[in-house]
Amino acid sequence: MVTRRPSSAQYKKTSRQMRRATLGTHVARIPSPFPSARKDFSNPHRTRKAERGEIRQVLPNTSTRETRRDYANRMSQQAFIERAIASGRRRKIALFTVLAIAALAIAGIVAGFVFVSGINARMQISDAALTSALADAPEEGAIYTLLSASFDDGDSGSGPDVALLVRTDPDQASASIAVIPGNVRTKLSDGETHRLGDAQSVGGDAEVVTAVEELSGVQVSHYVKTDASSFVSLVNALGGIQVDVPETANDPDAGSSAIASGPQLLNGEQALYFCRANDFVSLAEQQRGANDALVAQALFERFVGMGKMTFYMNMDECAGLVQSDLDLKGAFALLSSLRDIAPGSIMVGAMPTYTSEINGVSYQVPIADEWSAMMERMQQGQALQQDKQDLLSSVDPASFSITVNNGGGVEGAALDASELLKNAGFNVTEVGNAAQAVYDSTLVVYQKEDDEAKAEALVATLGTGRAVYDAINYSFETDILVVVGKDWQSILDAKGSTASTGDSSNSTDQSYDTDTSQMNLSSDASRAAHRANS
């Protein structure tokens, strides 16, 4: 078979087909918008190839711009392999470390959440009625917190034996405590007259808050409560509290121990006894309230100085011993805002009351004008009660005359009270008996408004009673009349008095008229006196 040689035309056709398949021949020519950017070559063939974009040289695609052979040679070296293995190990260790730290952080967050949630569950009161009764805390200015304490053994559901209304003002770095006795007379939501201590059984914690707001005229933002056993455990958990005991406490009804006056470190049992004790030389209810306030102040000072971690750890042990509307974070924030309050600078005052008995039930009744004045001073951030020494120094005890009468039937009461006043430098000119022994509490009666300071000085010296302005219903020849009530019996008992002789009747006749005592008087204090005498 003879192979026929391709013709010249076929060679040209095949050549044209191969040229079309050459790289770059299919790239469309894109003329440059800038004529000066065109590159001209002396060889027309090279110029056409440049215009078609034919690629003559490609750099190696390695980061070092090495050729593939050089790169392969370097990768095969032993030192490079060892470095690569070490680098891989470091990356693994770093990854594991990051994962471990992340796991620990997540575990810490979860543990912290569980820890705080556990404390909140034991500490926080979940009560919609209480939340509704409490006012929103102001962003600036004073905040009122109610501390409710029940000191009866084994009765955690009973109402407060004492209520402490605490005013704190972070902006002014001031705090004050008004003590409200648990047996103060008040009306509750059922429309009946009760003791404040009955509020818990009538309407729960919300009823306690509402009753105190009605008595005080202020809005309460936070609520804290405890009972006897929890209170003992709380004080012991804190390692005791430091209290400057103002007067020796020796009350068998409060417990089996006694507490001497002066600075004392009290454990839980002693602190409870101190709060319960009700047998003092001075007015029992007033002194007991003052003692409760001292304990509250000592607890406040222990908590307010704690750092966050110390506070949280203490609350892990103390949660459940106190209950509040506040959660752990809120409680710490409130206490932290009060750190500028100097220890010992908290102002304290007890609600001025007198004793009254209704249907066989003994109540403490607020002396309306004095209580209102105290609350007004509290709202203004002032001292709740005038200092006794300042009060005594403001008057000349020998500059006015005094009559002392026994109005409670306590044997030797008028004589004992008169001796106390004489020893203090007061001018007692008459001692005798009132027309009737119906006075539950001691009254210091003055008939001139300018004599108010003198009457208050007498109350401060006696340690009991209240000053009453009355220019109508009492008749006496001296400047001021002191009517010693039944409350003097506790003073005689505490002093261990052995006086057995009755008061003499050789003094100027006391013309107290029992009929006129039923008249409506002009002042709230006078009306209070007549309620006591009824």
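Anything mentioned here points back to the structure above.
Calculation criteria
Residue numbers here run from 1 along each chain, matching the order of that chain's written sequence. The model is predicted, so local features are restricted to residues of pLDDT at least 70 and side-chain atom pairs to those at 80 or more, both for listing and for counting; the totals for chains, interfaces and linings are taken over all residues. The basis for the side-chain values is all heavy atoms of the structure; hydrogens and waters are excluded. We count a stretch as a helix when DSSP gives it H or I for four or more residues in a row; a strand needs E for two or more, and each element gets its number in order from the N terminus. Partly exposed residues are those whose accessible area sits between 20% and 50% of the maximum for their type, while under 20% is buried and over 50% is exposed, using a 1.4 Å probe and protein chains only. When checking whether two residues touch, look at their non-hydrogen atoms; a contact exists if any pair is within 4.5 Å. Calculation of accessible area relied on Shrake-Rupley with a 1.4 Å probe; when residues are assessed, cover is drawn exclusively from the protein chains displayed. Should a side-chain nitrogen of Lys or Arg be within 4 Å of a carboxyl oxygen of Asp or Glu, the pair is scored as a salt bridge. If DSSP finds at least two bridges between two strands, the strands pair. Pairs of N or O atoms within 3.5 Å make up the polar contacts considered here, provided that, within protein, one atom can donate a hydrogen while the other can accept it, and that residues adjacent in sequence are counted only when both atoms are side-chain atoms. Helix axes are fitted only over the stretch in contact, all axes being lines through C-alpha atoms; the angle between N-to-C directions runs from 0 to 180 degrees.

Enquirer: If you had to explain the overall build of the chain to someone new, which residues and values would you point to?
Expert: Across its full length, the chain holds 17 helices and 17 strands. Here the chain holds 534 residues, and 42% of them are scored as buried. Residue pairs at least 24 apart in sequence account for 70% of intrachain contacts in the chain once pairs closer than 6 positions are excluded. Counting only carbon and sulfur atoms, one obtains 51% of the accessible surface of the chain, whose full area is about 28900 Å².

Enquirer: Describe the environment of G217, and please don't skip the residues or the numbers.
Expert: For G217, the location among the structural elements is in the loop between α6 (199–216) and β6 (222–227). You can call G217 exposed: its relative accessible area is 57%. Along the sequence, G217 and Q379 sit 162 residues apart, while their C-alpha atoms lie 9.9 Å from each other.

Enquirer: For helix α7 (residues 228–237), give the residues involved together with the corresponding values.
Expert: Every buried residue belonging to α7 is among A228, S230, F231, V232, L234 and V235, and all of these are buried. One or two residues past the end of α7 sits G239, with phi positive at roughly 80°.

Enquirer: Which residues make up the pattern of salt bridges, and what values go with them?
Expert: On inspection of all chains with the given rule, the structure shows 5 salt bridges. Across the pair R167 and D169 runs a salt bridge, and its minimum N-O distance is 3.8 Å. Assessed through its relative accessible area of 7%, R167 is described here as buried. The residue D451 makes a salt bridge to K454 at a minimum N-O spacing of 3.3 Å. By relative accessible area, D451 is classed as buried at 7%.

Enquirer: Describe in detail the pairing of strand β2 (residues 162–169), supporting the description with residues and values.
Expert: In terms of burial, β2 is a largely internal element, 8 of the 8 residues being buried. Side chains of β2 alternate between two faces, with V162, L164, V166 and T168 and A163, L165, R167 and D169 buried alike. Here strand β1 (residues 143–150) pairs with β2 via 7 bridges, running antiparallel. Counterpart to T145 in the pairing with β2 is V166. Counting the residues in the hairpin turn of β2 and strand β3 (residues 174–181) gives 4 residues, including A173, whose phi is positive at 55°.

Enquirer: Go over the side chain of R276 with me, naming the residues and quoting the values.
Expert: In this structure, R276 sits in helix α8 (residues 268–276). From its side chain, R276 meets the backbone oxygen of F151 in a polar contact 2.6 Å long.

Enquirer: Give me the sheet that holds strand β15 (residues 443–446): which residues, what numbers.
Expert: Think of a sheet as strands paired side by side through backbone hydrogen bonds, with each pair either parallel or antiparallel. Taking strand neighbours across the sheet as the criterion, the 5 strands line up as β14-β13-β17-β15-β16 in an open arrangement whose pairing is mixed. In this open sheet, the two edge strands, each paired with only one partner strand, are β14 (427–433) and β16 (466–469). Taken over all neighbouring pairs, the strand axes of this sheet differ in orientation by 25° on average, direction set aside. With 6 bridges joining them, strand β13 (residues 401–406) and β14 adopt parallel strand pairing. Among the inter-strand pairings, T403 is bridged to a residue of β14, identified as E430. Sitting on the sheet, helix α15 (residues 452–462) touches β13, β15, β16 and β17 (480–484), and the angle it makes with β15 is about 165°.

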